[in-house]
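Structural overview
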Amino acid sequence: MSGAVLLALVAGAVVGIALGALGGGGSVLAVPALIYLLDFDAAAATTASLVIVALTSATALYAHARDGHVRWRTGALVAAAGVVPAALGGAAAAKLPDAVLTGAFAVIAAVVAAGMLRSGGEPVERVRGPGATAGTGAGLGALTGVLGVGGGFLVVPALTRTIGLGIRAAVGTGLLVITVNSIAALATRSGTAHGLEWGLIAPFAGAAVLGAWDGKRLADQVGSGALRTAFAWSLAAVAAVMAADAVGAL
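Residues numbered from 1 in each chain as written. Predicted model: local features only at pLDDT ≥ 70, side-chain atom pairs only at ≥ 80, totals over all residues. Heavy atoms only, no water.

Per the secondary structure count, the protein chain includes 10 helices and 0 strands. Starting at the N terminus and ending at the C terminus, the protein chain contains elements arranged as α-α-α-α-α-α-α-α-α-α. Expressed as a percentage of the 250 residues in the protein chain, the buried residues total 52%. Put simply, 85% of the contacts in the protein chain that link residues at least 6 apart link residues at least 24 apart. (Helix = DSSP H or I, 4+ residues; strand = E, 2+ residues; numbered from the N terminus. Buried < 20%, exposed > 50% of the residue type's maximum accessible area, 1.4 Å probe, protein only. Contact = heavy atoms within 4.5 Å.)

Written as structure tokens, this is what we have:
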């Protein structure tokens, strides 16, 4: 087994655990791993990330749905509102320089890390109207398309704060949104798939799918609060590295 394949397996397992435990965060770790560990450029990394996250989130979605933690009607509305923005964002991303993509990714990661560290306890589940739900979905879809992320590191906070789901329902429902958004964004990038390193993407995705099951069990044992804090600090470190890289490339 080559060193690159081993790195892909380890990184994939971490991405899967994050998605399974937190309902998001897979792509915000997958993109830096693909760039810095496996030597993908930013455009290829964002496309490969969508493949990995779509497969992994669909697997994790099944596990959460089995436990009754998916609000299908709310998730379908959020996902449907994000399909067109995700497709348009995916088309636009192909024309952006790598430094711009990396810098934008770093800013979003830093903002989300700060928000996760400030977040309080479990909110009371009280779903708001379809307007707020559709608006949230459109914004998440656009970010998915441009940055090559499933949107999970944004969708869970959005589902709790903007829409009013409880944290467990937000994690499960967010996986539905991530899956749909990732597939929609991939549809606009299909022409670039032939140039990807599938020999590295396949083991990465396979390890991520297996890790998603372990992440679900880990969340049940440890609790989402401790996992969210640990993830937020990791995300802040990733944001710092990517910001420095983007500035250096300008």
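Let us now look at the packing of helix α4 (residues 72-93) against helix α8 (residues 167-187). Here α4 crosses α8 at 25°, and the two axes come no closer than 8 Å. Between α4 and α8, the interaxial angle falls into the category roughly parallel. When the axes of α4 and α8 are compared, the crossing they make is right-handed. Counting all contacts with α4, which are made through Trp72, Gly75, Ala76, Val78, Ala79, Gly82, Val83, Ala86 and Ala87, the residues of α8 involved are Thr173, Leu176, Val177, Val180, Asn181, Ala184 and Ala185. Its residues placed into classes, the contact of α4 with α8 shows 12 nonpolar, 4 polar and no charged. (Axes fitted to C-alpha atoms, helices over the stretch in contact; angles between N-to-C directions. Parallel < 35°, antiparallel > 145°, perpendicular 65-115°, else oblique. Left-handed = near helix turned anticlockwise from the far one by under 90°. Nonpolar A, V, L, I, M, F, W, Y, C, P; charged D, E, K, R; others polar.)

Another aspect to go through is the environment of Thr173. Along the chain, Thr173 turns up in helix α8. For the pair Thr173 and Arg71, spaced 102 residues apart in the sequence, the C-alpha separation amounts to 5.6 Å. Residues within four places of Thr173 in sequence aside, it is in contact with His69, Val70, Arg71, Gly75, Leu159 and Leu165.

Further remarks concern empty space enclosed by the protein. Scanning all chains against the criterion turns up 1 cavity of 30 Å³ or more. There is about 40 Å³ of room inside the largest cavity. Every element with two or more residues in the lining of the largest cavity is listed here: α2 (26-36), α3 (42-66) and α5 (98-118). Per-element accounting of the lining of the largest cavity gives the leading share, 3 residues, to α5. Classifying every residue of the lining of the largest cavity gives 7 nonpolar, 2 polar and no charged. (1 Å grid on protein atoms, 1.4 Å probe; cavity = no way out; pocket = protein on both sides within 12 Å on 5 of 7 lines; lining within 4 Å. Points joined across faces, edges and corners; volume = space filled by probe spheres on them.)

This brings us to the nonpolar core. In terms of nonpolar packing, the biggest core is built from 66 residues, with Leu34, Phe40, Phe204 and Phe231 touching the most fellow members. For this core, the element with the most residues is α3, which contributes 9 residues. (Core = buried A, V, L, I, M, F, W, Y, C linked by side-chain atoms within 4.5 Å.)

Quick look at helix α6 (residues 130-147) now. In an α-helix there are 3.6 residues to a turn, and that puts residues three or four apart on one side. Relative to the 26 Å expected for 18 residues at 1.5 Å per residue, α6 spans 26 Å between its end C-alpha atoms, a close match to the ideal helical length. Those residues of α6 that sit buried are Thr133, Thr136, Gly137, Leu140, Gly141, Thr144, Gly145 and Leu147. (Expected span 1.5 Å × (residues − 1).)

The subject of this paragraph is the layout of surface pockets. If you add up the space inside the second largest pocket, you get close to 210 Å³. Forming the walls of the second largest pocket are 13 residues, and the residues nearest its centre are Val14, Ala18, Leu22, Leu29 and Phe231. Elements represented by at least two residues in the lining of the second largest pocket include exactly α1 (3-22) and α10 (224-249). Of the residues that constitute the lining of the second largest pocket, the class distribution is 12 nonpolar, 1 polar and no charged.

On to α3, then. The first and last C-alpha atoms of α3 sit 36 Å apart over 25 residues, in line with the 36 Å expected at 1.5 Å per residue. Of all 25 residues making up α3, 19 are buried, and the element is well covered by its neighbours. Its side-chain oxygen at 2.7 Å from the backbone nitrogen of Ala44, Asp41 defines the N-terminal cap of α3. Taken from the residues just after α3, Gly68 is the one with a positive phi, measuring 80°. (Polar contact = N/O pair within 3.5 Å; in protein donor to acceptor, adjacent residues only side chain to side chain.)

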